[in-house]
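# Observations on the model geometry
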Amino acid sequence: MSRTGTDLIIEGGILLSRAKGADPLENARVWIRGDRIHRIETGSSKEPPPPGVEVIDARKGLIMPGLVNAHCHTAMTLFRGLADDLPLKKWLFEKIFPAEAKHLSPDTVYWGSLLGCLEMIASGTTTFVDGYFFQDSTIRAAQESGLRALVAQGVIDFPAPGVPDPGDNLKVGEAFLKKWSGVSDRIFPGLFCHSPLTCSESTLRKAAELSAAYSAPLQIHLSETVEEIEEILKKTGRRPVHYLERLGILRGRLIAAHAVHVSEEEIRLLAERDVKIVHVPESNMKLASGIAPIPRMMDAGLVLALGTDGCASNNNLDLFQEMDCAAKLHKVAALDPECLDAESVLHMATLGGAELLGLEKEIGTIEVGKKADIIVVDLESPHLTPCYSLPSTLVYSAVGADVKDVLVDGKVLMKDRTILTLDAAVIMERVRAIAGEIG
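These numbers come from a predicted model, not from an experiment.

About the cut-offs
Residues numbered from 1 in each chain as written. Predicted model: local features only at pLDDT ≥ 70, side-chain atom pairs only at ≥ 80, totals over all residues. Heavy atoms only, no water. Helix = DSSP H or I, 4+ residues; strand = E, 2+ residues; numbered from the N terminus. Buried < 20%, exposed > 50% of the residue type's maximum accessible area, 1.4 Å probe, protein only. Contact = heavy atoms within 4.5 Å. Pairing = 2+ DSSP bridges. Right-handed = clockwise from strand over helix to strand, strands pointing away.

### What to know about the environment of R59
Structurally, the position occupied by R59 is in the loop between β5 (54-57) and β6 (61-65). In this structure R59 comes out as exposed when scored by relative accessible area, which is 59%. Between the alpha carbons of R59 and E26 there is a distance of 9.9 Å; along the sequence they are 33 residues apart. Non-local contacts of R59, meaning those with residues more than four positions away in its chain, are made with E11, G12 and G13.

### Observations regarding the sheet that holds strand β16 (residues 403-408)
Spatially, β2-β6-β15-β16-β17-β18 is the arrangement adopted by the 6 strands of the open sheet, whose pairing is mixed. Here the strands that pair on one side only, and so sit at the sheet edges, are β2 (14-15) and β18 (418-419). Sheet topology places strand β17 (residues 411-415) next to β18; 2 bridges connect them, and they run antiparallel. Note that in β18 the partner of K415 across the bridge is T418.

### With respect to the pairing of strand β10 (residues 187-193)
Burial within β10 is extensive, with 6 of its 7 residues counted as buried. Note that strand β9 (residues 148-155) and β10 share 7 bridges and pair parallel. From the neighbouring strand, Q153 faces β10, where its bridge partner is L191. Where the polypeptide runs from β9 across helix α4 (residues 169-180) and back to β10, its parallel neighbour, the crossover connection is right-handed. Pairing of β10 with strand β11 (residues 218-222), which is carried by 3 bridges, proceeds in the parallel orientation. Each residue of the ladder has a partner; that of C193, found in β11, is I220. Taken together, β10, helix α5 (residues 201-213) and β11 constitute a β-α-β crossover, and its handedness is right-handed.

Pasting the structure below:
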């Protein structure tokens with residue numbers, strides 16, 4: 001740390017803090033001490049940066065909060081493009097589950113997760129929410145990358161990678177929670193129940209009890225397809241949300257991804273129980289699952305975040321593309337150009353993701369005292385010129401490749417498009433070798 005107590009300064013450009021009521025600041029300077037923001041300045045009369053302080057040059061750029069990918073299966077980069085253009089059930093049971101059973105191991109999950117972290121850093125994501133198998137390997141990758149993450153052990157009532165006996169799924173889950181709880185203030189463990197169809201009543205209840213005992217969020221795929229709704233209705237006599245309510249699982253730390261086919265009554269119940277919803281429009285489109293009623297959920301006051309899903313059903317982890325898709329999808333679905341505006345979508349990808357994790361006091365905006373999870377977007381590109389509205393430009397024009405600098409906890413992960421924490425060439429070479437065995 002320098003004599004001024006400052007470790008790093010982000011200098012110049014426009015600051016879009018996303019703080020409530022804050023206007024963009026021209027010619028900004030953000031001072032970082034340790035892992036937190038401790039001072040914000042603006043104006044042309046600033047003194048030169050103190051000697052010995054690292055400076056990130058953000059001139060001709062935009063300083064903004066890092067993005068939160070609220071639902072992904074990071075290591076599924078291994079299966080990017082493996083089984084495209086198939087309906088969900090066939091894609092999952094005939095292609096993805098068999099490929100996972102044959103090819104997933106602690107080593108392959110580690111390399112697939114490294115590739116996912118590499119891709120997320122390069123496109124401006126600073127926090128991700130993951131659910132998969134061999135999750136010690138995903139945590140290892142997240143630690144090395146420098147990203148912030150909620151990493152959840154997958155729970156399913158079928159033989160699964162690393163859990164050949166389904167009867168052990170919660171034993172493995174509890175061991176994972178016990179091992180990683182309290183180890184880091186940047187990476188948190190959790191459980192991920194695959195769906196109400198692939199997990200029994202007993203498994204769902206016990207997973208919820210374990211999550212509560214360890215103060216960890218519980219993730220689940222919810223109401224993703226019409227076929228799923230029909231099967232749960234046939235099996236339980238209830239729609240999925242009401243079925244989970246009967247089991248006592250609807251609670252504030254439940255994170256539900258997809259939520260495509262939910263009724264008005266289910267939306268009201270989700271809001272009453274403070275369940276957090278992750279919208280994953282590109283995956284829902286690719287698998288023809290449908291369009292989630294996000295505007296109605298927004299009207300009901302639900303916390304909404306944005307996720308990419310895994311690379312086998314997207315096929316990338318670029319949240320800028322996801323924002324663009326989300327805004328346009330709902331306009332055409334409603335035949336209303338005012339539906340789900342750029343500002344709302346940008347909120348979902350930043351503070352909405354922070355609220356989903358209960359980290360809104362730490363991340364999601366750039367304010368003094370908060371964690372220094374910050375990205376710089378290079379505005380000097382033809383497709384970003386001119387810029388009349390920053391939210392509009394970010395949602396409808398920007399792509400992940402426009403991000404030039406990425407910081408998490410005040411640590412620089414990418415500077416001038418060079419990733420500093422991971423060796424991109426080594427990671428891609430290793431994943432190509434794994435893909436040769438898969439394909």
